[in-house]
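Fold and contact review
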Amino acid sequence: MRAVFVESEQLDRQKEFAALAGQILSARYLQPPKAYVHTYGCQGNVADSEKIQGMLLEIGYELTEDLSEADLVLYNTCAIREHAEHRVFGNVGALKHYKARKKDMIIALCGCMMQQSQVAEKIKKSYPFVNLVFGTHVLHRLPEFLYSVLSGSKVFCIEESEGVIAEGLPIHRDGSFKAWLPIMYGCNNFCSYCIVPYVRGRERSRKMSDILQEASQIIAAGYKEITLLGQNVNSYGNDLEDGSSFAALLRELDALEGAFKIRFMTSHPKDCTKELIDTIAASKHISHHLHLPFQSGNSEVLKAMNRKYTREGYLELIDYAKERISDLSLTSDVIVGFPGETYEQFLDTLSLIREVQFTSLFTFIFSPRHGTPAEKMNDPVSAEEKGKWFRELLAVQSEIAAGRTAAMKGKVYRVLVEEKSKQEGHLCGRTDANVIIDFPAPESLIGTYADVQVTESLTWIVKGELLSCGMRNSE
Ligand code: SAH
Ligand code: SF4
Ligand code: F3S
């Protein structure tokens, strides 16, 4: 599909709605009203929320992290697993009491979960205090929706669409040294368990010039790390006519001047090319870390999942990447208990994990999603049994992780110092390979690079001592 861009006249119209909504707010409130935005789900949703926050600030809201003082509450929701949806329903239900105390509070719901018609219907019926529900394809129309709500209407807008791209929306970034940069939206892969293609529309790539411009602005603003986002970044450019590819985009970004690191997620093994791996190996700014979800170590299960690669193909790719990229760190996603998966097939997943030696894994028990092919597949293994397999997998991975962190003892790593640790007087940083190091240091180091020597290894993280600090870059 060729990307459809929202026309600039339409975006200008939204600015007019923002101004009109702002007028209502200033007539209604003496102080700027407060907006509380909570994001569920993946980084794609986080990046959307940064645009939502940008639009809310433009309208005249101030942002708050305290739900109890909010005049507007917005939940940006996720539909990836049943558990994610239950949490949202629970949290929306709890808002009823806040609203009973503050009658003119606006409650807004958006994101992937709302893009499903049965969910929007349930909200309409069972949560009548919700003022605004909008789907993933109309995010840029938030000012218009809020204007209607502030004028006394309820708004439900779930447009069925293959998806659009809206450039130039205001962005309020959450962090001051790590930035998210979406390079494409949607997904064409229809893995048989996954809801994303249904709620996010078809794959569409931003123009390379728009991405490069945003990256330059991010770097000029002093950010140290840019994470490129897409459900399958490897297929970036397939819908563009100018021959752009993900490897080409990475080369262009790597050529930008400045002290910054590039990360990206997520890579799909079927589209991860040797050219891409060579590009990472030859780059200056790209982190030596690959998040490459394998989902299952058994080729038959992979076929039923519609993943379009085999166990052997995956391992071949990993071998090539390990050979070409020094100190490569690999992370992955894996699903346990796909419908029809046998224990023997699950053992193939364990053996793949042992073979690859991932730095860390995101592990999920299969959750049936409405309208996906896997929802209708025969699923004879009990939830209890799947839970047992899941714990077995966690035990294997924690053994691997403990081995990896033990091997870090005594070594020195340059880390981007990210935040305060739970331990008083300590900070946390992340190595290029995405391992967290906890070390005593003054708070002023947050957002800079520091050299830290590892002194102690725990299973998933390590502890260390600061050797030197204040470096401008990661080299
Ligand atoms: N686009 C990415 C993943 C997006 S969703 C990719 O293709 O790798 C993040 C992860 O959630 C997936 O990798 C998968 O492991 C998990 N997931 C998705 N749908 C799921 C489901 N129905 N049940 C359990 N896990 C699921
Ligand atoms: Fe879902 Fe597969 Fe698309 Fe990832 S590639 S978002 S798992 S359909
Ligand atoms: Fe969830 Fe939507 Fe992301 S379903 S994982 S928020 S694309």
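See the structure shown above.
Here the structure is a predicted model, which is why all the values come from computation and not from measurement.

Scoring rules and cut-offs
- Residues numbered from 1 in each chain as written.
- Chains lettered and ligands numbered in written order.
- Predicted model: local features only at pLDDT ≥ 70, side-chain atom pairs only at ≥ 80, totals over all residues.
- Heavy atoms only, no water.
- Near = heavy atom within 4 Å.
- Nonpolar A, V, L, I, M, F, W, Y, C, P; charged D, E, K, R; others polar.
- Pairing = 2+ DSSP bridges.
- Helix = DSSP H or I, 4+ residues; strand = E, 2+ residues; numbered from the N terminus.
- Contact = heavy atoms within 4.5 Å.
- Axes fitted to C-alpha atoms, helices over the stretch in contact; angles between N-to-C directions.
- Parallel < 35°, antiparallel > 145°, perpendicular 65-115°, else oblique.
- Left-handed = near helix turned anticlockwise from the far one by under 90°.
- Right-handed = clockwise from strand over helix to strand, strands pointing away.
- Phe/Tyr/Trp six-rings, centres within 6.5 Å; stacked < 30°, edge-to-face > 60°.
- Buried < 20%, exposed > 50% of the residue type's maximum accessible area, 1.4 Å probe, protein only.
- Lys NZ or Arg CZ within 6 Å of the ring centre and 35° of its normal.
- Polar contact = N/O pair within 3.5 Å; in protein donor to acceptor, adjacent residues only side chain to side chain.
- Areas by Shrake-Rupley, 256 points an atom, 1.4 Å probe, with all protein chains shown as cover.
- Core = buried A, V, L, I, M, F, W, Y, C linked by side-chain atoms within 4.5 Å.
- Expected span 1.5 Å × (residues − 1).

Points about the site of ligand 3
Lining the immediate environment of ligand 3, one finds Cys42, Asn45, Cys78, Ala79, Ile80, Cys112, Arg200 and Gln231. Each residue belonging to the shell around ligand 3 can be placed in one class, and the counts come to five nonpolar, two polar and one charged.

A look at the sheet that holds strand E6 (residues 155–157)
The sheet built from six strands is open, its strands ordered E2-E1-E3-E4-E5-E6 with parallel pairing. Taken across any chain shown, the strands that pair with only one partner, and hence form the sheet edges, are strand E2 (62–63) and E6. Taken together, the three bridges between strand E5 (residues 132–134) and E6 define a ladder with parallel strand orientation. Bridging from a neighbouring strand, Phe134 pairs with Cys157 of E6. Of the strands in this sheet, strand E3 (72–77) and strand E4 (106–111) touch helix H3 (residues 82–101), which is tilted by about 175° from E3.

Focus: the packing of helix H7 (residues 208–220) against helix H8 (residues 246–254)
Two elements in contact, H7 and H8, have axes separated by 10 Å at closest approach and are oriented at 30°. In terms of axis orientation, H7 runs roughly parallel to H8. In this structure, H7 meets H8 at a crossing whose hand is right-handed. Contacts between H7 and H8 involve Met208, Ile211, Leu212 and Ala215 on the former and, on the latter, Ala248, Leu249, Glu252 and Leu253. Each residue belonging to the contact of H7 with H8 can be placed in one class, and the counts come to seven nonpolar, no polar and one charged.

A word on the environment of Leu347
Relative to the assigned elements, Leu347 resides in helix H12 (residues 343–356). Sequence spacing of Leu347 and Gly41 is 306 residues, and the spatial spacing of their C-alpha atoms is 29 Å.

Some points on the pairing of strand E1 (residues 34–39)
Of the pairings in the sheet, the one linking E1 to E2 comprises two bridges and is parallel in character. Bridging across to E2, Lys34 finds its partner in Glu62. The β-α-β motif built from E1, the intervening helix H2 (residues 43–59) and the parallel element E2 has right-handed crossover chirality. As paired strands, E1 and E3 are joined by five bridges and run parallel to one another. In the strand pairing of E3, Val37 is matched with Leu74.

Some details on the packing of aromatic side chains
Scanning the model with the defined rule gives 15 aromatic pairs in all. Ring geometry for Phe89 versus Tyr127: centroids 5.8 Å apart, planes at 20°, classification stacked. On the criterion of sequence distance, the pair formed by Phe89 in helix H3 and Tyr127 in the loop between helix H4 (117–126) and E5 is long-range, its members being 38 residues apart. Accessibility assignment for this pair places Phe89 and Tyr127 in one class, buried. Plain terms: the ring middles of Phe294 and Tyr314 are 5.8 Å apart, the flat faces sit at 50° to each other, and that makes the pair tilted. Residue Phe294 is found in the loop between strand E12 (289–291) and helix H10 (299–304), and its partner Tyr314 is found in helix H11 (residues 311–324); the two are separated by 20 residues along the sequence. The same class applies to Phe294 and to Tyr314, which are both buried. Feature note: the residues Phe294, Tyr309, Tyr314 and Phe358 constitute an aromatic cluster, connected by ring pairs. Looking at Lys124, its charged tip hangs above the ring of Phe156, at a distance of 4.9 Å from the centre.

Digging into the site of ligand 1
Near ligand 1 there are 15 residues, and of these Tyr193, Gln231, Gln295, Asp333 and Ser367 occur at the shortest range. At a separation of 3.3 Å, an oxygen atom of ligand 1 approaches a polar side-chain atom of Arg307. Contact between ligand 1 and Ser367: a nitrogen atom at 2.8 Å from a main-chain N or O atom of the residue. Protein chains shield 90% of the accessible area of ligand 1, which is 540 Å² for the free molecule.

A word on the sheet that holds strand E14 (residues 360–365)
Within the open sheet, the three strands sit side by side as E12-E13-E14. Their pairing is parallel. Edge positions in the open sheet fall to E12 and E14, since each of these has one partner strand only. Averaged over all adjacent pairs, the angle separating strand axes in this sheet is 10°, with direction ignored. Where E12 lies against strand E13 (residues 329–336), three bridges are found, and the strand directions are parallel. What sits directly across from His291, in E13, is Thr331.

Remarks on the nonpolar core
Counting residues in each nonpolar core, the largest one holds 69 residues, and the members touching the most others are Leu228, Phe246 and Tyr314. Look past the residues within four positions of Tyr314 in its chain and what remains in contact with it is Pro269, Leu292, Pro293, Phe294, Tyr309, Ser332, Leu352, Val356 and Phe358. Counting residues in each nonpolar core, the second largest holds 31 residues, with Tyr61, Phe134, Leu142 and Cys157 among its members.

Observations regarding unusual backbone geometry
Residues Met265 and Thr266 are joined by a peptide bond in cis, for which omega reads 5°. With respect to the secondary-structure elements, Thr266 resides in the loop between strand E11 (261–265) and helix H9 (274–282). Even without being a glycine, Phe190 presents a positive backbone phi close to 45°. Among the structural elements, Phe190 can be located in the loop between strand E8 (184–185) and helix H6 (196–200). Here the phi dihedral of Asn434 falls at roughly 75°; this positive angle occurs in a residue that is not glycine. Within the secondary structure, Asn434 sits in the loop between strand E16 (426–430) and strand E17 (436–440). Residue Asn434 is classed as partly exposed on the basis of its relative accessible area, which comes to 23%.

Description of H3
Over its 20 residues, H3 runs 31 Å from end to end, which matches the ideal 28 Å to within 8%, given 1.5 Å per residue. On its buried face, H3 is in contact with E3, E4 and H4.

Remarks on the pairing of E11
Within E11, four of the five residues are buried, which leaves the element mostly enclosed by the surrounding structure. Pairing analysis gives five bridges linking strand E10 (residues 225–229) to E11, with the strands arranged parallel. Looking across to E11, one finds that Thr227 is bridged to Arg263. In this fold, the crossover linking E10 to E11 by way of H8 has right-handed handedness.

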